[in-house]
Amino acid sequence: MTRKQKRLAVIGGGVAFLVAAVLLVMFAFSQSIAYFYVPGDLAKANVPPGTRIRLGGLVENGTVKRGEGSTITFTVTDTLSTVPVTYTGILPDLFREGQGVVAEGAFGTDGLFVADTVLAKHDETYMPKDVADRLKAQGVELSGKETIK
């Protein structure tokens, strides 16, 4: 092989390695992405059962029901639409009705959102920025204390 051929072989091998690395990273990210929705967005979006998403909004008053063991059902709302949620596990201490929540999970074939992670706001003045922005876009009045910049 001439010098030129060796140089081209090294460059070609390096490019092939970089392409393979980028493809592997893209595949890994595509498996762990969970898109964020509020209940009003779900009416427009076509989310197939089993697709992982994050569902954000407010826990609707009067909907928290404790089932057998550590199973809890509740409804997440953005005041325009509601989504029933079931969760098995220990809820955060600050989880309660009327408070901001983000649930991560997937819809079952029956249309019930099955959450495997539930995050509640951590004090009186915080709401995740995505949730606050989506609620404002839906026309929900916020006092301005609910978000951090």
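The name that an unreviewed UniProt entry assigns to the protein chain is Cytochrome c-type biogenesis protein CcmE, with the source organism given as Shinella lacus. Annotation of the protein chain in UniProt includes, under Sequence similarities (unreviewed entry), the sentence "Belongs to the CcmE/CycJ family."

Draft legend 1. Examining the packing of aromatic side chains more closely. Throughout the structure, instances matching the rule amount to two aromatic pairs. Plain terms: the ring middles of Phe74 and Phe95 are 5.0 Å apart, the flat faces sit at 65 degrees to each other, and that makes the pair edge-to-face. Placement of Phe74 in strand S4 (residues 71-77) and of Phe95 in the loop between strand S5 (82-88) and strand S6 (100-107) is noted, with a sequence separation of 21 residues between them. Here the two residues Phe74 and Phe95 agree in accessibility, since each one is buried. Relative to Phe113, the ring of Phe107 has its centre 5.2 Å away and its plane inclined at 70 degrees; by these criteria the two rings are edge-to-face. The two residues Phe107 and Phe113 agree in class, both being buried.

Draft legend 2. Structural context of the pattern of salt bridges. Applying the stated criterion to the full structure yields three salt bridges. In this structure, Glu104 and Arg52 form a salt bridge, with 2.8 Å as the shortest nitrogen-oxygen distance. With Glu104 in strand S6 and Arg52 in strand S2 (residues 52-59), the pair connects residues that are 52 residues apart, well separated along the chain. Take Glu104: its relative accessible area is 15%, and that puts it in the buried class. Of the charged contacts, one joins Arg52 and Asp116 as a salt bridge, the two residues approaching to 2.7 Å between their closest N and O atoms. On the criterion of sequence distance, the pair formed by Arg52 in strand S2 and Asp116 in strand S7 (residues 113-120) is long-range, its members being 64 residues apart. In this structure Asp116 comes out as partly exposed when scored by relative accessible area, which is 42%. One continuous salt-bridge network, built from bridges that share partners, spans Arg52, Arg54, Glu104 and Asp116.

Draft legend 3. The arrangement of the nonpolar core in detail. Within the largest apolar cluster, 20 residues are counted, with the highest numbers of intra-cluster contacts made by Leu42, Phe74, Phe113 and Val118. Only S2, S4, S5, S6 and S7 provide two or more residues apiece to this core. The contact partners of Leu42, leaving out residues within four places of it in the chain, are Tyr37, Val47, Ile53, Leu55, Val83 and Phe107. Formed by seven residues, the second largest nonpolar core is a distinct cluster that contains Leu58, Val102, Val131 and Val140.

Draft legend 4. Just the side chain of Asp78, in detail. Residue position: Asp78 is located in the loop between S4 and S5. No salt bridge is formed by the buried Asp78. Its closest oppositely charged neighbour is Lys44, at 7.8 Å. A polar atom in the side chain of Asp78 sits 2.8 Å from the backbone nitrogen of Gly40. Engagement of the side chain of Asp78 in a polar contact is seen with the backbone nitrogen of Ser81, the distance being 2.9 Å. Each residue touching Asp78, except ones within four places of it in the same chain, is listed here: Val38, Pro39, Gly40, Leu135, Gln138 and Val140.

Cut-offs and rules
Residues numbered from 1 in each chain as written. Predicted model: local features only at pLDDT ≥ 70, side-chain atom pairs only at ≥ 80, totals over all residues. Heavy atoms only, no water. UniProt positions renumbered as here; feature names shortened; annotations may be inferred. Phe/Tyr/Trp six-rings, centres within 6.5 Å; stacked < 30°, edge-to-face > 60°. Helix = DSSP H or I, 4+ residues; strand = E, 2+ residues; numbered from the N terminus. Buried < 20%, exposed > 50% of the residue type's maximum accessible area, 1.4 Å probe, protein only. Salt bridge = Lys/Arg side-chain N within 4 Å of Asp/Glu carboxyl O. Core = buried A, V, L, I, M, F, W, Y, C linked by side-chain atoms within 4.5 Å. Contact = heavy atoms within 4.5 Å. Lys, Arg positive; Asp, Glu negative; His and termini not counted. Polar contact = N/O pair within 3.5 Å; in protein donor to acceptor, adjacent residues only side chain to side chain.

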